[in-house]
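Descriptive structure summary
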Amino acid sequence: MNRNQTAKNNENNNKKSDTMASLVWTSILFLLYFELALVFILVVPVPRKIRNFIAKEIAKFNIGERLVRPVLYLGILLGMALVESYWSHQRILDRISEESSDGVYSRQHDRSFHAQDRERKFKSERNMYLAGFSLTLLFVIGRITRLMQESVELEEETERVEQFVTDSKEAETKQAPDKKKD
């Protein structure tokens, strides 16, 4: 009876950990969807005035500065998820190579355990891709927003220089007739 209770407790713990892992990877999947949508929005060509307006509004509310810490934590968590999925994948590959090097197989063992190993290997590879792409897109989004902000700043600087040049030319033309009179 005690063994049955222990087995049931282990089974319940495995179900809870599987559910938790599924929730984590599902949330990473939705984060990836959100990041893909955001990158698409950021790279879609829009008129310069609209793009500059958006970049100015983002700069005005200091959204970038407010999001530094959460994005940093998110990057750390994604990095940890990537490492965890890599280690999980490596353990599965080690177990498969260890079993294949022993040479002890039975038909039933091949059908049941190797199917589970293939499934676990597939899931760990999928998780590596999810975490890796999410982490990469996090960097891409940061770079795109910085480039947009730099573009707006450079365009504003260009406008100021052009205004300065036209003002100085106007001042020069006004001074030129005054010099002729002298």
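In the block above lies the structure referred to throughout.
These notes cover the structure that comes with them.

Rules used in this analysis
- Residues numbered from 1 in each chain as written.
- Predicted model: local features only at pLDDT ≥ 70, side-chain atom pairs only at ≥ 80, totals over all residues.
- Heavy atoms only, no water.
- Core = buried A, V, L, I, M, F, W, Y, C linked by side-chain atoms within 4.5 Å.
- Buried < 20%, exposed > 50% of the residue type's maximum accessible area, 1.4 Å probe, protein only.
- Helix = DSSP H or I, 4+ residues; strand = E, 2+ residues; numbered from the N terminus.
- Contact = heavy atoms within 4.5 Å.
- Salt bridge = Lys/Arg side-chain N within 4 Å of Asp/Glu carboxyl O.

**Some words on the nonpolar core**
Core analysis: the largest hydrophobic core is formed by 15 residues, its most contacted members being W25, I28, V39, L78, A81 and L130. The set of elements that each furnish at least two residues to this core consists of helix 1 (2-43), helix 4 (68-102) and helix 5 (107-181). Once you skip the residues sitting within four places of it in the chain, W25 turns out to touch A81, E84, S85, N127, L130 and A131.

**Side note on the pattern of salt bridges**
With the rule as written, the count across this model stands at 6 salt bridges. In this structure, E155 and R48 form a salt bridge, with 3.4 Å as the shortest nitrogen-oxygen distance. Residue E155 is located in helix 5, and its partner R48 is located in helix 2 (residues 48-60); the two are separated by 107 residues in the primary sequence. Its salt-bridge partner being K123, residue E119 comes within 3.2 Å of it at the nearest N-O pair. In this pair, E119 and K123 both sit in helix 5, 4 residues apart, roughly one turn of the helix. Using a relative accessible area of 37% as the deciding quantity, one classes K123 as partly exposed.

Don't take any of this as a statement about function, it's just geometry.
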